[in-house]
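So the chains spell out like this:
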Amino acid sequence: MIRESAEITSFWLKPEDGALLPFLPGQHVIVRMPGGGDSRVYSLSSGVADTACRISVRRDPSRDAGFTAMLVDRIKVGDALRINGPMGSFAVHPADSSPLVLASVGVGITPFLSILRSAIALRPTRPIHLFHCTDTPAGFAFEGELQSALRLLPNLQIDVLAKAPRCSEERLAFSQARLDAVRLVSSPLFGAGARIMLCGSPGFVERLGGQLRAHGVADARWTSELFIPAGKAHFQAGSASAGSFGVKVNATLEGAWGDASNLLEWIEAAGYAAPNGCRYRACGACAARLVAGKVEYLPGVTAPTDPGTVLLCTARPASDIELETDIHPIAG
Ligand code: FES
């Protein structure tokens, strides 16, 4: 365990059998406490050549409860965690040399650390332009790791955008500004064909995504993943009880709903991977076909206009339901 900042802690995880599962930089895993029960999704922040997997989690200082608080406060070196995955389409191929423009805020930098560490190991000449937003420019989390990446990746440029001033240092540029789409598309790498990847809070990703669309940037040129603060992506207690509804996915998976956060997590908790990207209403990658029954959406989430389509990441059953989508067993 490594304390990266006042709020972010990294955990290095080694499989009990010693066999690390292959993954793509940017992918995530599902972490469960010993004995099962509650789970949470975390991006891997380690590189493909590291000898252990790393997750880096933000503990919200205003919350004493919740999965991440339990992880940070109770898990000790040597304890066992149950890991499913890796999975997710918010990822790059580590041996690819195509340019990338990355934009993150806070702990949203974690999948990009995986991309940088993997580039150091496999493709050190890959052109990468990282824009990272932080509230605390003095000694922000992973600063040492980014400095080291700058030394090892000759075509890496990092712009840190902060609320407070700090002097720039060689290729680590600081500015007291708010990141917007103009900066992203003004990167020389975007002009050279780079794909833009956004990662962070819903407000950050949705604001920049909206600006990219307004600038006419084609959907194929950018992708995103949202980090949902603990407790925000859940149905309100007291809304219609879904516990006893039955869920069927293809001819493969069938069971009672229970108390999962959403259909995507229900499928994953059953040991299957389903297509997904942002994991919170933005990308449409988790769209499944509703063959029978009704679903309801998280407060504030608009249902797709096609009533036969379900966004798994933000919906749960409102009756017995039957779905069709592409699922396969998760390794781990
Ligand atoms: S995973 Fe992006 S909308 Fe569901």
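Calculation criteria
- Residues numbered from 1 in each chain as written.
- Predicted model: local features only at pLDDT ≥ 70, side-chain atom pairs only at ≥ 80, totals over all residues.
- Heavy atoms only, no water.
- Helix = DSSP H or I, 4+ residues; strand = E, 2+ residues; numbered from the N terminus.
- Rg over C-alpha atoms; globule rule 2.2 N^0.38 Å.
- Buried < 20%, exposed > 50% of the residue type's maximum accessible area, 1.4 Å probe, protein only.
- Contact = heavy atoms within 4.5 Å.
- Arc of directions from axis to C-beta.
- Pairing = 2+ DSSP bridges.
- Axes fitted to C-alpha atoms, helices over the stretch in contact; angles between N-to-C directions.
- Phe/Tyr/Trp six-rings, centres within 6.5 Å; stacked < 30°, edge-to-face > 60°.
- Lys NZ or Arg CZ within 6 Å of the ring centre and 35° of its normal.

Asks: So what's going on with the overall build of the protein chain? Which residues, and what values?
Replies: Assigned secondary structure in the protein chain consists of seven helices and 21 strands. Relative to the globule expectation of 20 Å for 332 residues, the C-alpha radius of gyration of the protein chain, 20 Å, shows essentially globular dimensions. Overall size of the protein chain, expressed as C-alpha extent along the three principal axes, is 60 × 50 × 40 Å. By residue count, 46% of the 332 residues in the protein chain fall in the buried class. Taking the contacts inside the protein chain whose residues are at least 6 apart along the sequence as the reference set, 69% of them involve residues at least 24 apart.

Asks: Pulling in residues and values, what's your account of helix α3 (residues 143-152)?
Replies: Among the residues of α3, those classed as buried are E143, L146, A149 and L150. The buried residues of α3 occupy one face: seen down the axis, they fall within an arc of 120 degrees. Opposite the buried face of α3, by more than 90 degrees, sit the exposed residues G144 and R151. Each element contacted by the buried residues of α3 is listed here: α2 (110-122), β8 (128-134), β9 (156-162) and β10 (172-175).

Asks: So what about the pairing of strand β5 (residues 53-58)? Which residues, and what values?
Replies: The element β5 is largely enclosed, with a buried count of five among its six residues. Inspection of the sheet shows strand β2 (residues 8-13) paired to β5 by six bridges, in the antiparallel sense. Residue pairing in the sheet places S10 in a bridge with S56 of β5.

Asks: Tell me what's going on with the sheet that holds strand β7 (residues 100-105), and back it up with residues and numbers.
Replies: Strand order in this open sheet of six strands is β10-β9-β8-β7-β11-β12, and the pairing throughout is parallel. Only two strands of the sheet have a single neighbouring strand rather than two, namely β10 and β12 (222-226). Taking the axes of each pair of neighbouring strands and ignoring which way they run, one obtains an average angle of 15 degrees across the sheet. Relative to strand β11 (residues 195-200), β7 runs parallel, the two sharing five bridges. When the bridges of β11 are listed, L102 appears paired with M197.

Asks: Give a description of the packing of aromatic side chains that names residues and reports values.
Replies: Each aromatic ring pair is described using two quantities: the centre-to-centre distance and the angle formed by the ring planes. Applying the stated criterion across every chain, the model contains four aromatic pairs. Centre to centre, the rings of F140 and F174 are 6.2 Å apart; their planes meet at 70 degrees, and the pair counts as edge-to-face. Placement of F140 in the loop between β8 and α3 and of F174 in strand β10 is noted, with a sequence separation of 34 residues between them. Both residues of the pair, F140 and F174, count as buried. Ring centres of W257 and W266 lie 6.4 Å apart, and the angle between their planes is 20 degrees; this geometry places the pair in the stacked category. It is R221 that lies over the ring of F190; its NZ or CZ is 3.9 Å from the centre.

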